[in-house]
Each structure stands twice: as structure tokens, then as C-alpha cells.
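Remarks on the overall topology
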Amino acid sequence: MLFEKEAIIHYESGIHARVAAMIVQKSHELYEKYACKIYLRSEHSQRVEMRSLMMLIALKINNGDSVFVSAEGENREEAVLAMVIFLEGDFMVQTPGELREVDRLLHENALMQERLQLILEAVQDGICVVDKTGAVTYVNPSYLRILHKTEEMVIGENVYEVAPNGNRANVLKTGVARIGSLSHKKDGTTIVANVNPIFVDGEISGVVSVIKNITEVQTLIEKLNQMSAKAEYLEQELLRTKKMGKAFTNYIGRSGRVVDVLAMASKAAASSATVLVRGESGTGKELVAEGIHYASTRRKGPFIRVNCGAIPSTLLESELFGHEKGAFTGAVKRKLGKFELANNGTIFLDEIGEMDKNMQVKLLRALQQREFDRVGGETTVKVDVRIIAATNRNLEDMVREGTFRDDLYYRLNVIPLFLPALRERVEDIPLLAEHFVNKISLQNHKHIQGVTAAAMEVLMAYKWPGNVRELENIIERVITLTDSDFIEIEHLPSYITGEAVVKQMKSFAFDAVLPWEEYEKQIISNALKKCGSFNAAGKMLKLTHKTVAAKARKYGLI
């Protein structure tokens, strides 16, 4: 419970700094003696703790004014009465110790005011203090810097005269703060100001205005926006370059058919249409599908691969659409399917022709409605997914035979891309061979410099039923087993070199029947031209190098 008692100040100068220091000292003594805080208020102010020097000075109590002392606690009455007696005394310092303590408090107060002054001068925001008459009594250096003025130009001017309709004058009149007020100066600067009233004893005694030059901030924001735009552009370019490099650019080939199909793939990437990539096994269908994804607006979303031919039909539905816990034996928890994982991205359905018809019906719904049900689930899941399918099967024949649904075929075949077989772009074989030699040599820490001209002719003559994948596998096998600096004919598998010879034989003129020796001479001559040595020619012809050398001497080929 609060106990309060009135005291009348009889000191001629009122409660000034020295008296306030003595009151603070007395408050400390009473606190230690009675263990309760003591408060003081005037007739027009709120209570303040008597241990705060600056708060006591701010009360502005004069000689003859009434003040009210209060306290809470067990010994509140004793503490209040002791303080009232002290306040109504003459404030004479009794001992040297009391004098030192008062001086210490005054010194601390001076230091605090000095620190406050340093802080005000150090802040970057402009500060202006106006008294109740409208006169500017204080500005800090930042205020002068922002407004490009000197202290002599500002201190003492009256806001009612220089800006009668300004924020400071209006707040001084109304007592209502103005926050975030913008003003545009003649020199082009834009100022944002927070103007607050200063209340003392319930009355407005002035205003304080804090301003900031947001022209500087706006310039920085503008520069930041420019840098952000450049960074975003460069990020997109880097992403595009990086992803295109992994996809379209790394699809090795300069033949006309390759250029055409990649140009169409780039156009397909700009849309959201379903793409069906056609081509034999080993032609790079997945590489093109990945390139379409990363060249599209979905590049930041996931790219999910599903090999429909590698997953048993009984598990494919769960793999694509997921399942709920307990949907079947072994389903111990919910599993998200590939369609759900691909949300906001792309799903690549490889070997789509291997999917059975029951699964085709469910896939068709996912394609058309962009929704599906998990196995064992009752809630329909909606997704935003782009579909890219691929197959090496003849879907048209499968539709006619009834093994592939025609409605699913038309849904998938919106943008068909036909990747050429390697035998249809023979001119790309040297580029691919060089790429694989460099790549595999680096992986195996070897220094294979390339493929000889004769060996390259053999590679270009081969039919490549396994396409690019087969070429890569052969290059890897040769590099792994050879110790030479170049890949020569004798390093190539016999089924490749044998086919080259058969192809040469087909070029002979069989319209006229010639003596056997003529055919033998032609065979030996062609083998030596292709292989460049008796040893290599012997391996190609399945003869010993001595036999090839003897035949060559016989027919005058050396």
C-alpha cells in the first residue's frame, strides 16, 4: 500500500542540480535504512524515483512549490517522513563526506550529459529540438549536413515563421505526432521525418524532429535493384548455359539431322506441351529430355526419371503415384510417388511402350487431369507436372495391334522428336569418338591421343546397332586394354573390322568373272590401305602377318 505526504520547498533556488544531488544522496541512505524506494511528484507531474538526478531536475520545482513524497513497503511511513523533513530543510551540507558524494553525483551527471551530447552528434539521423514557443534550441551535425545549413542559420529561428504549415509547427499546435512524413526539398533531396511532441507536466513544452535523407537510401536501393537485376540475369544465363551444356550442348553432333532435332527441342522447351522423344536405344533420349527441362521455365523444379520398362507392372503404380501406409503387405509407411516428387517440375517416363494397358489408363488420367490417387488412398492428389515420354518402340504398330491405347498415344504425341540413329549421322562419329577418347582417357589416367585415320574409317563403316552407347562402350574397352598412344585397327573388336572388309568386298565388280588372284590382290591391297601394316591387315583378314606380307610381295604391292 502506498503512503504519501506533502512537503513544501523553502530553498530559495528550488531543486536545482546541487540540491537534486543532495536529494539523491539522501534517497540512497533511506533506501539502505528502510529497504523501500521513495518517489516524488509535483502537483502536475507523474511520480519519479528519487534516485534519478536528471528526473528530479526535469521536474523544475521552485521555492514555495508543493511536492508529494511516497513510498511502499513495511517501513514506508518512516522513510517518507524522514524525506519530507529533509526536503523542508535548508539543504546545507553537514560533513566533508556528504560534500564529496554530492560532487560525485554532479560529476556523474555531467559525464552523462557529455555522453548524451556525443551520441547525438554521432548518429546519422538529423535531430532538431524546438521549444514551446517554436524556437529551434538544438540541432545535431547530421541535421545540418542533411539540410546543407550551418548552425547559425538554424538555431533561434522560429518554426511558426519559417514553416507555419510544416510538421514541427503542426505537432507543436496539436500535440499529435507525425511519423514517416515525406518532404521534397528544392535541391532535389527527399526527407522523411518523425516529429514527436515533448510533454512536461502534461503540457507540450516542445517537439523533437528526427529526419533522414532517403534520397541516399533511394539511390542505394536503385543501385541494389540494378545489381539484383544483373545478378538475376547472370544467374539465369549461368543456369541456362550450365544446363544446356549438360543437355543440348553435350549432345555431340553437327550433322543436319542433329541440328534440326535440337532446334525443335529448344522450341518445345519454351512451351508446356507434352513431348514424346523417339529413337533407338542408345541415341540419347534422356539427354534430350533433360535438356528440355533445364531450358524451360521449370528449370528450378525437380527433374524426375522413371524407367517404365525396368519396374515390374505390379509395382509401377506405387512407384508413379505412391501409396498409403497399409495399402499392401510391406507398406509400413506412406510413400510419395514420382509424380508427387516432380510437382512444379518435369517427369521423364522412359520406355513408355513397355507399360501395360491397365497402367496406361491410370497414366492417362494423370496426364489429362493432373491428378491421381495414391495406392490405398482416398484423397485425390493434384500436381503441376510436365510430362516428357520416350520410347524405342513403334507405338503406331502397337496402337494397331491393340497393345497401346490410342487415346494415351495421342495425349503423349503432342510434340514428337525423332532422334537419328548413329548410322544415319556418320559424319558425327569422329566428333563422338574424340569426345569419348578424351573423357575415358581422363577417367583411366591414360594419355590416348586419338584414333588413327584407318581405324576411324572402320568405325564409320560399321552399322552401330547400339548407337552412341555402343560406340562409347567400345572406346572404353579399347582404352582400358591398349597401351598405345593411338587407337588402331588391331585394337578394335573383330566383329567391327570384319564388317568393314565385307563392305569392301561388296564394292567389287562381280558382273564379270575374274581369276581368283585378281580378287585376292584387291583384298590384300584394300586391307593394307585400311590398316597400314601387315599385322593389322592380317588380323582383319584372319591371316598371319607373314601370309599377308608374302601375298603383298607376290602381287607387287610393296
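Residues numbered from 1 in each chain as written. Predicted model: local features only at pLDDT ≥ 70, side-chain atom pairs only at ≥ 80, totals over all residues. Heavy atoms only, no water.

1. Digging into the overall build of the protein
Here is the rule: Each helix is a run of H or I in the DSSP string that is no shorter than four residues. Each strand is a run of E no shorter than two, and both are numbered from the N terminus. A 1.4 Å probe rolled over the protein chains alone gives each residue an accessible area, and that area as a share of the maximum for its type sets the label: buried under 20%, exposed over 50%, partly exposed in between. Contact between two residues is taken to exist if any of their heavy atoms lie within 4.5 Å; hydrogens are not considered. Throughout, the Shrake-Rupley method with a 1.4 Å probe supplies accessible areas, and for residues the shown protein chains are the sole cover considered.
When helices and strands are counted, the protein shows 23 helices and 20 strands. Expressed as a percentage of the 558 residues in the protein, the buried residues total 41%. Within the protein, counting contacts between residues at least 6 apart in sequence, those at least 24 apart form 67% of the total. Surface exposure of the protein reaches about 30600 Å², of which carbon and sulfur atoms provide 53%.

2. Quick look at unusual backbone geometry
If you check the backbone angles, glutamate 351 has positive phi at about 55° while not being a glycine. Considering the arrangement of structural elements, one finds glutamate 351 in the loop between β14 (346-350) and α14 (357-369). With a phi angle near 60°, asparagine 467 is a residue other than glycine that sits in the positive phi range. Inspection of the secondary structure assignment puts asparagine 467 in helix α19 (residues 467-481).

3. Overview of the confidence of the model for the protein
Keep this limit in mind: As a per-residue measure, pLDDT tells how confident the predictor is, with possible values from 0 to 100.
Within the protein, residue pLDDT values average 84, and 89% of them lie at 70 or more. Looking at the elements of the protein, mean pLDDT is at its lowest for helix α4 (residues 96-122), recorded as 61, and at its highest for strand β10 (residues 275-278), recorded as 96. This model gives residues 239-245 a pLDDT under 50, and the stretch forms 11 contacts once residues within four places in sequence are excluded.

4. Structural notes on the nonpolar core
What counts, and what does not: Put simply, a nonpolar core is a bunch of buried Ala, Val, Leu, Ile, Met, Phe, Trp, Tyr and Cys residues held in one set by side-chain atoms that sit within 4.5 Å of each other.
By size, the foremost hydrophobic cluster in this structure holds 38 residues, and its most contacted members are Trp464, Ile475 and Ile487. The contacts of isoleucine 475, once residues within four sequence positions are left out, are Phe436, Val437, Ile440 and Ile487. Counting residues in hydrophobic clusters, the runner-up holds 31 residues, among them Cys308, Ala342, Leu349 and Leu367.

5. Notes on the packing of helix α17 (residues 429-443) against α19
Applied cut-off: Only the stretch in contact is used when fitting a helix axis, every axis being a line fitted to C-alpha atoms; angles between N-to-C directions are given from 0 to 180 degrees. We call two directions roughly parallel when the angle between them is under 35 degrees, roughly antiparallel when it is over 145, roughly perpendicular when it lies between 65 and 115, and oblique otherwise. In this scheme the handedness of a crossing depends on how the near helix is turned from the far one: anticlockwise by less than a right angle means left-handed, clockwise means right-handed. Residues are grouped as follows: Ala, Val, Leu, Ile, Met, Phe, Trp, Tyr, Cys and Pro are nonpolar; Asp, Glu, Lys and Arg are charged; every other residue, Gly included, is polar.
Following both chains from N to C, one finds α17 and α19 inclined at 45°, their axes separated by 9 Å at the closest point. When the interaxial angle is binned, α17 and α19 end up oblique. Classified by chirality, the crossing of α19 by α17 is right-handed. Where α17 abuts α19, its residues Ile429, Leu432, Ala433, Phe436, Val437, Lys439, Ile440 and Ser441 lie against Val468, Leu471, Glu472, Ile475, Glu476 and Ile479. Looking at the contact of α17 with α19 residue by residue, the class counts come to 10 nonpolar, one polar and three charged.

6. A look at the sheet that holds β14
Applied cut-off: Think of it this way: DSSP has to see at least two bridges between two strands before they count as a pair.
The five strands lie next to each other as β11-β14-β17-β10-β18, forming an open sheet whose pairing is parallel. Two strands in the sheet have a free side with no partner beyond their single neighbour: β11 (303-307) and β18 (415-418). With direction set aside, neighbouring strand axes in the sheet form an average angle of 20°. Sheet topology places β11 next to β14; five bridges connect them, and they run parallel. Bridging across to β14, phenylalanine 303 finds its partner in threonine 346. Helix α10 (residues 256-269) rests against β10, β17 (386-391) and β18 of the sheet, and its axis sits at about 155° to β18. Lying over the sheet, helix α11 (residues 285-294) contacts β10, β11, β14, β17 and β18, oriented at roughly 155° with respect to β11.

7. What about the sheet that holds strand β4 (residues 66-71)?
With antiparallel pairing, the four strands of this open sheet are ordered in space as β1-β4-β2-β3. Because the sheet does not close on itself, it has two edges, and the strands there are β1 (3-8) and β3 (48-49). Pairing geometry for strand β2 (residues 38-42) and β3, over two bridges, is antiparallel. Counterpart to leucine 40 in the pairing with β3 is valine 48. Running over the sheet, helix α3 (residues 76-87) touches β1, β2 and β4 and is turned about 10° from β1.

8. With respect to the environment of glycine 156
Tracing the chain through its elements places glycine 156 in the loop between α6 (151-154) and α7 (159-162). Glycine 156 has contacts with Ala135 and Val136, leaving out every residue within four places of it along the chain.

9. What to know about the side chain of glutamate 340
You can see glutamate 340 is positioned in helix α13 (residues 338-341). For glutamate 340, the residues in contact, after removing those within four places along its chain, are Phe372, Arg374, Val381 and Val383.

10. Looking at the packing of helix α1 (residues 17-34) against α3
The contact between α1 and α3 brings their axes to 10 Å, and the two run at 155°. Looking at the two axes, α1 sits roughly antiparallel to α3. Between α1 and α3 lies a crossing of right-handed hand. Facing α1, whose interface residues are Met22, Ile23, Lys26, Ser27, Leu30 and Tyr34, α3 presents Glu78, Ala79, Ala82, Met83, Phe86 and Leu87. When its residues are assigned to classes, the contact of α1 with α3 shows nine nonpolar, one polar and two charged.

11. So, the packing of aromatic side chains
The condition is simple: Here a Phe, Tyr or Trp ring, Trp counted by its six-membered ring, pairs with any other such ring whose centre lies within 6.5 Å, and the pair is stacked when the planes are under 30 degrees apart, edge-to-face when over 60, and tilted otherwise. Only when the NZ atom of a Lys or the CZ atom of an Arg is both within 6 Å of the ring centre and within 35 degrees of the ring normal do we say a charge sits over the ring.
For the structure on display, the rule yields eight aromatic pairs. An angle of 35° between the planes, with centres 5.4 Å apart, marks the rings of phenylalanine 321 and phenylalanine 339 as tilted. Of this pair, phenylalanine 321 sits in helix α12 (residues 313-321) while phenylalanine 339 sits in helix α13, and the two are 18 residues apart along the sequence. Grouping residues by exposure puts phenylalanine 321 and phenylalanine 339 together as buried. Grouping aromatic residues by their ring pairs yields a cluster made of Tyr294, Phe303 and Phe348. Just above the ring of phenylalanine 68 sits the side chain of arginine 41; from NZ or CZ to the centre is 4.3 Å. Over the aromatic face of tyrosine 39 sits the side chain of arginine 47, whose NZ or CZ is 4.7 Å from the ring centroid.

12. Some remarks on α3
The cut-off we apply is this: What a helix is expected to span follows from its residue count: subtract one and scale by 1.5 Å. Note that the arc is defined by the directions from the helix axis to the C-beta atoms.
With 12 residues, α3 should reach 16 Å at 1.5 Å per residue; the first-to-last C-alpha distance of 16 Å fits that figure. Within the span of α3, buried status applies to Ala79, Val80, Met83, Val84 and Leu87. Seen along its axis, α3 keeps its buried residues to an arc of 130°; they face one direction. Considering only its buried residues, α3 is in contact with β1, α1, β2 and β4.

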